[in-house]
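Listed below, chain by chain, are the residues.
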Amino acid sequence: MCSILGIFDLAPGDDPAALRPLALACSARQRHRGPDWSGVHTGPNGILVHERLAIVDPAGGAQPIVAADGSMVLAVNGEIYNHRALRASLAAGFEEPWPYRTGSDCEVILPLWRGHGVEGVSRLNGIFAFALLEPATGMWVVARDPVGVVPLYWGRDQDGRRWVASELKALVDRCIEVEIFPPGHVYDSATDQLTPFRARPWRERATTVGNRADPHRLRMALEDAVHRQLMGDVPYGVLLSGGLDSSVVAACAARFARSRIEDDDRSEAWWPRLHSFAIGLEGSPDLAAAEVVATHLGTAHHGFTYTFEEGLDALPDVIRHVESYDVTTVRASTPMYLLARRIRAMGVKMVLSGEGADEIFGGYLYFHRAPNPEAFHEESVRKVEALHLYDCLRANKSMAAWGVEARVPFLDLEFLDLAMSIDAAHRMPAPAPEVGLDPATGAPPRVEKALLRRAFEGVIPHEILWRQKEQFSDGVGYGWIDGLRAHAASGVTAAELAGAAERFPVNAPSTAEGYLYRRIFEEHFPGDAAARTVAGGPSIACSTPEALNWDESFAGNADPSGRAVAGVHQAGGPGPIRSTPRGATPNPPD
């Protein structure tokens, strides 16, 4: 996972050569994202800096990429999974073949923009943020993938220059204003327009009503997505928590691991053995479940443990890297950050991860309380559109902190469009006779993500296929969250918490844990502008206010742990779902 930095709209008196050292120094703050090489373009109308993590064409894909005629300069953070198909289709649009200068998947953006503009960006299937500059005219373009898997920020300095960067830390002390660049948009300085570039008909429930689910088609579509995302020329692996989502992704990857994707599976992969990675406290549910899946799939598995003290020691670095004080994000980012360090130490540079499935298929336990398909659909859409603020941010930045790229097949654009177009009535929690009857009611219990589970029957072990959802920060070991709460309570006084709104007027924290994270965040990112880049609102088990109306027990619930959804969560590692009577409080082990 690379990083980009751009400075545009230079003032008439600006000396680009004098700005170059400043641009390099700011870009160096995000060099962890691209430790393999640094590149810079300096011209009279702008500066582009690129820190590279080499995944495709490691020998020849250095950036910024300059068009053969010098008319465009491009810096990209991301992967374009359909780059070969695009190269083939674009060939017919030019009188002469486009003079590609590298084998990089990203270079296809140059002819795509030249020939088709904003419409061309909509053809990209990948995770990306890019900045493109025309040196002769000063025209510049910035775009970000539709889901926002790849982070991007922009702002202005006191002299009116426009800055763009992959991470907030590169801009925070240079820009007087800074914002998140919105996913799924292109900004073109020639028109001064910020334009959405990919339509999502499934946002409106009316377009999905009556669309039935075909589990076989769903499975094939996810396998295709995983196959596309195995593109690369470096060692890779899969994150395997032992939950449904990561297990499904790992099973798909295991199907294709022995063949080289970049030559249409005709030759053996350069690194044919699939490696899987898990982390947790000693005795965590995830570690036990991950072992079961790894044994079944035959992966070279690496299960790592960390201590509570090691996680606590990492908190300041985690918050600095993920650039968030959101409680759920910090809780889950810490073990992921520690795991990324282990992964990179083993020489692996890319991993597949399971983010997005819970938002698409209603995997969070509070979705059990959705009163009807309409409410489920609206919440699912909101969750998908907020992924760039939460799970995508966490996965991308936690891994990128150690120079590891995280890819997310559930958010592959083709798969996402298919899955989100299924009527919510088929994506809601559904009865699951496969796991037996509820002894209290005599009826099959309702299971979240039942559609996805049925699509992968026989592919992963039964006890994993029907294992209940554990949020990552719970699954690594219940003592992790409980310990964080206790630590925060001992380090934040009642007086500090009472004065939180005065000290932190933007998104004032309401818990000691939230206050602790906010205090650390402010040390690295002072000022209200930085604070506003983090999503605000109540810190609850569900992230949107509308869902508060689903169940009266949500009122006043300040704990975002999945265990806080009374009557749904139950503790344990591998094993089928067991029903907990409504209103009962699960009693997880210490």
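Above this text sits the structure in question.
Before going into details, it helps to say that this report is about the structure given with it. All figures in this text were calculated on a predicted structure; none of them were measured in a lab. (Residues numbered from 1 in each chain as written. Predicted model: local features only at pLDDT ≥ 70, side-chain atom pairs only at ≥ 80, totals over all residues. Heavy atoms only, no water.)

### Quick look at the pairing of strand β15 (residues 300-305)
Now for step 1: Pairing analysis gives six bridges linking strand β14 (residues 275-280) to β15, with the strands arranged parallel. Among the inter-strand pairings, Ile 279 is bridged to a residue of β15, identified as Phe 304.
Now for step 2: Note that the unit made of β14, helix α6 (residues 285-297) and β15 has a crossover that is right-handed. (Pairing = 2+ DSSP bridges. Helix = DSSP H or I, 4+ residues; strand = E, 2+ residues; numbered from the N terminus. Right-handed = clockwise from strand over helix to strand, strands pointing away.)

### What to know about empty space enclosed by the protein
Now for step 1: Considering all chains together, one arrives at six cavities of 30 Å³ or more under this definition.
Now for step 2: Roughly 110 Å³ of internal volume is contained in the largest cavity.
Now for step 3: Lining the largest cavity are Leu 230, Gly 232, Asp 233, Val 234, Tyr 236, Ser 259, Arg 260, Ile 261, Ala 269, Trp 270 and Trp 271.
Now for step 4: The residue makeup of the lining of the largest cavity, split by class, is seven nonpolar, two polar and two charged.
Now for step 5: Among the elements that take part in the lining of the second largest cavity, strand β5 (residues 73-80) stands out by supplying four residues, more than any other.
Now for step 6: Taken together, the residues that form the lining of the second largest cavity break down as six nonpolar, five polar and three charged. (1 Å grid on protein atoms, 1.4 Å probe; cavity = no way out; pocket = protein on both sides within 12 Å on 5 of 7 lines; lining within 4 Å. Points joined across faces, edges and corners; volume = space filled by probe spheres on them. Nonpolar A, V, L, I, M, F, W, Y, C, P; charged D, E, K, R; others polar.)

### So, the packing of aromatic side chains
Now for step 1: What the rule picks out here adds up to 19 aromatic pairs.
Now for step 2: Arranged with centres 5.6 Å apart and planes meeting at 80°, the rings of Tyr 306 and Trp 480 form a pair that is edge-to-face. With Tyr 306 in the loop between β15 and α7 (308-322) and Trp 480 in helix α17 (residues 478-491), the pair connects residues that are 174 residues apart, well separated along the chain. Like Trp 480, Tyr 306 is buried.
Now for step 3: Here Tyr 364 and Tyr 366 contribute two aromatic rings whose centre-to-centre distance is 6.5 Å and whose plane-to-plane angle is 10°, an arrangement assigned as stacked. Like Tyr 366, Tyr 364 is buried.
Now for step 4: What links up through ring pairs into an aromatic cluster is the set Phe 8, Trp 140, Trp 154, Phe 181 and Tyr 187.
Now for step 5: We note Arg 87 situated over the ring of Tyr 100; from NZ or CZ to the ring centre the distance is 3.9 Å. (Phe/Tyr/Trp six-rings, centres within 6.5 Å; stacked < 30°, edge-to-face > 60°. Buried < 20%, exposed > 50% of the residue type's maximum accessible area, 1.4 Å probe, protein only. Lys NZ or Arg CZ within 6 Å of the ring centre and 35° of its normal.)

### Remarks on the sheet that holds strand β8 (residues 153-156)
Now for step 1: Pairing within the open sheet is antiparallel, and its six strands lie in the order β2-β3-β1-β9-β8-β10. Sheet topology places β2 (37-43) and β10 (177-180) at the edges, where each strand pairs with a single neighbour. Sheet twist, expressed as the mean angle between neighbouring strand axes with direction ignored, is 10°.
Now for step 2: Where β8 lies against β10, four bridges are found, and the strand directions are antiparallel. Residue Tyr 153 lies in a different strand from β10, and its bridge partner there is Ile 180.
Now for step 3: Sitting on the sheet, helix α1 (residues 16-28) is in contact with β1 (3-8), β2, β3 (46-52) and β9 (162-165), with an inclination near 30° to β3. (Axes fitted to C-alpha atoms, helices over the stretch in contact; angles between N-to-C directions. Contact = heavy atoms within 4.5 Å.)

### Considerations on the packing of helix α4 (residues 215-229) against helix α12 (residues 413-420)
Now for step 1: One way to put it is that α4 packs onto α12 with a least axis distance of 9 Å and a crossing angle of 160°. With respect to their mutual orientation, α4 and α12 come out roughly antiparallel. The handedness of the crossing between α4 and α12 is left-handed. Every residue of α12 that contacts α4 at Arg 217, Leu 218, Ala 221, Leu 222, Ala 225 and Arg 228 is listed here: Glu 414, Phe 415, Leu 418 and Ala 419.
Now for step 2: When its residues are assigned to classes, the contact of α4 with α12 shows seven nonpolar, no polar and three charged. (Parallel < 35°, antiparallel > 145°, perpendicular 65-115°, else oblique. Left-handed = near helix turned anticlockwise from the far one by under 90°.)

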